[in-house]
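Read off the chains here:
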Amino acid sequence: MDRTDALAWKEYGEEHLAALTELADACLAVDGGLPLFTTPPLLRARLLHTRTLGAWHEGRLVAAVSVGTAGQPATSTGLVHPAWRERGLGGRLLDWADEQAGDAGLLLTTESWNRGAEALFAARGFERTFTEWVLRHDLTTIPEVARPDDLTTEPVTLDAELFQTYRASFADRPGFVEPAAEEWLDELREDDAYRRDLSLIARDPDGAAVGFLNVIDNWIDQVGVVPAWRGQRVGAHLVTTALRSLAADGAREAWLCVNDNNPAAGLYRRLGFQDAGRRARYLRRGASPA
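No experiment lies behind these values; they were computed from the predicted model shown.

The rules behind these values
Residues numbered from 1 in each chain as written. Predicted model: local features only at pLDDT ≥ 70, side-chain atom pairs only at ≥ 80, totals over all residues. Heavy atoms only, no water. Helix = DSSP H or I, 4+ residues; strand = E, 2+ residues; numbered from the N terminus. Buried < 20%, exposed > 50% of the residue type's maximum accessible area, 1.4 Å probe, protein only. Contact = heavy atoms within 4.5 Å. Lys, Arg positive; Asp, Glu negative; His and termini not counted. Charge placed at Lys NZ, Arg CZ, Asp CG, Glu CD. Axes fitted to C-alpha atoms, helices over the stretch in contact; angles between N-to-C directions. Parallel < 35°, antiparallel > 145°, perpendicular 65-115°, else oblique. Nonpolar A, V, L, I, M, F, W, Y, C, P; charged D, E, K, R; others polar. Core = buried A, V, L, I, M, F, W, Y, C linked by side-chain atoms within 4.5 Å. 1 Å grid on protein atoms, 1.4 Å probe; cavity = no way out; pocket = protein on both sides within 12 Å on 5 of 7 lines; lining within 4 Å. Points joined across faces, edges and corners; volume = space filled by probe spheres on them.

Take the overall build of the protein chain next. Helix and strand counts for the protein chain stand at 8 helices and 12 strands. For the C-alpha atoms alone, the extent of the protein chain along its principal axes is close to 70 × 50 × 30 Å. For the protein chain, the proportion of its 290 residues judged to be buried stands at 48%. In the protein chain, the share of contacts with a sequence separation of at least 24, taken over all contacts with a separation of at least 6, comes to 73%. Of the side chains in the protein chain, 31 bear a positive and 43 a negative charge, and the two mean positions are spaced by 5 Å.

Below is the structure:
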């Protein structure tokens, strides 16, 4: 008998957070991806929407999907344990998510990308709209990058100058949507893991800000350099300075995410970051209004 015949399909909830964590850990171990996925806040955000469906075998959760229908499009994340793949479970999860979404369209989010899921989504008419590489750096070896001439760095201050430096660094990137300054700054202020002491702003000889770097826990969260100073090792110097500070603070590894079409990905790999998986989003638009 195919083991799928012995599966129990039923709703799951907050009380199953440990089972969801075990399932996500198993997927990350095989596929790679965002290690923060298994932290309770992100796990809840992705897999504990109001509508859920899980597949259980002998008391273990082997597949799960969650759908949020409050907005347009509906949003969904699903997981299939690596030992249970190629048995049709992913297709069943997607069918169910489609039913819950109705005509609203469906946005799929995966924090642990794999080729099988990509093929399934493409076959069902979903378009990949976003991909990020997850990169890891072993802090036992950090390259040397000379400080650019006439450049100085100092810890950041959470003020309008930092936001304007961020804006100037990212405004020319395709798809950039400028947030409200205070919202952007408040997000950093309210994050208990934000390391203002390790985050940096870079200045030219006249004292003008020309680049910045934000650190959250042991993650390089954002790195930006204003257009006039690109290609002068500013970003590389900021990153390696932050890596040394993290190592001195006791961290064994550092992480960052970078969009797959961002040329900075090449820089990070040259600085010693290694691929540790991908995360992605896929969209199938809903029915057009009559």
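From this point, the narrative continues.
Further remarks concern unusual backbone geometry. Omega for the bond connecting Gln72 with Pro73 falls within 30 degrees of zero, at 0 degrees, which places this linkage in the cis form. You can see Pro73 is positioned in the loop between strand E3 (60-68) and strand E4 (74-80). At Asp217, a position not held by glycine, the phi torsion is positive, near 55 degrees. Within the secondary structure, Asp217 is located in the loop between strand E9 (209-216) and strand E10 (219-225). On the basis of relative accessibility, which here comes to 45%, the residue Asp217 falls in the partly exposed class. Backbone geometry places Arg233, a non-glycine residue, at a positive phi of 70 degrees.

Right, let's get into the packing of helix H1 (residues 17-31) against helix H2 (residues 40-47). H2 packs onto H1 with a crossing angle of 90 degrees between their chain directions and a minimal axis gap of 11 Å. If you check the angle between H1 and H2, you find them roughly perpendicular. Counting all contacts with H1, which are made through Leu17, Leu20, Thr21 and Ala24, the residues of H2 involved are Pro40, Leu43, Arg44 and Leu47. Counted by class, the contact of H1 with H2 contains 6 nonpolar, 1 polar and 1 charged residues.

A separate point is the nonpolar core. Core analysis: the largest hydrophobic core is formed by 31 residues, its most contacted members being Leu213, Ile220, Val239, Tyr268 and Phe273. Secondary-structure elements contributing two or more residues to this core are strand E8 (200-203), E9, E10, helix H7 (234-248), strand E11 (253-259) and helix H8 (264-270). Among the elements that make up this core, the one with the highest residue count is H7 (7 residues). Leaving out residues up to four positions away in the same chain, Leu213 has contacts with Val156, Leu198, Ser199, Leu200, Ile220, Gln222, Val223, Leu238, Val239 and Ala242.

Put simply, the largest pocket is a space of about 2,000 Å³. In terms of lining residues, the largest pocket is bounded by 49 residues, among which Glu132, Phe170, Arg173, Asp221 and Gln222 are the most central. Elements with a minimum of two residues in the lining of the largest pocket: strand E6 (127-138), helix H5 (160-170), helix H6 (181-189), E10, H7, E11 and H8. For the lining of the largest pocket, the element with the most residues is E10, which contributes 7 residues. Considering only residue class, the lining of the largest pocket consists of 27 nonpolar, 11 polar and 11 charged. In this structure, the second largest pocket occupies an estimated 520 Å³ of space. Along its surface, the second largest pocket is lined by 26 residues, and Val80, Gly90, Asn114, Ala117 and Leu120 are the ones closest to its centre. Looking at the lining of the second largest pocket element by element, the count peaks at 5 residues for helix H3 (residues 89-101).

Any functional reading would require information that these geometric values do not contain.
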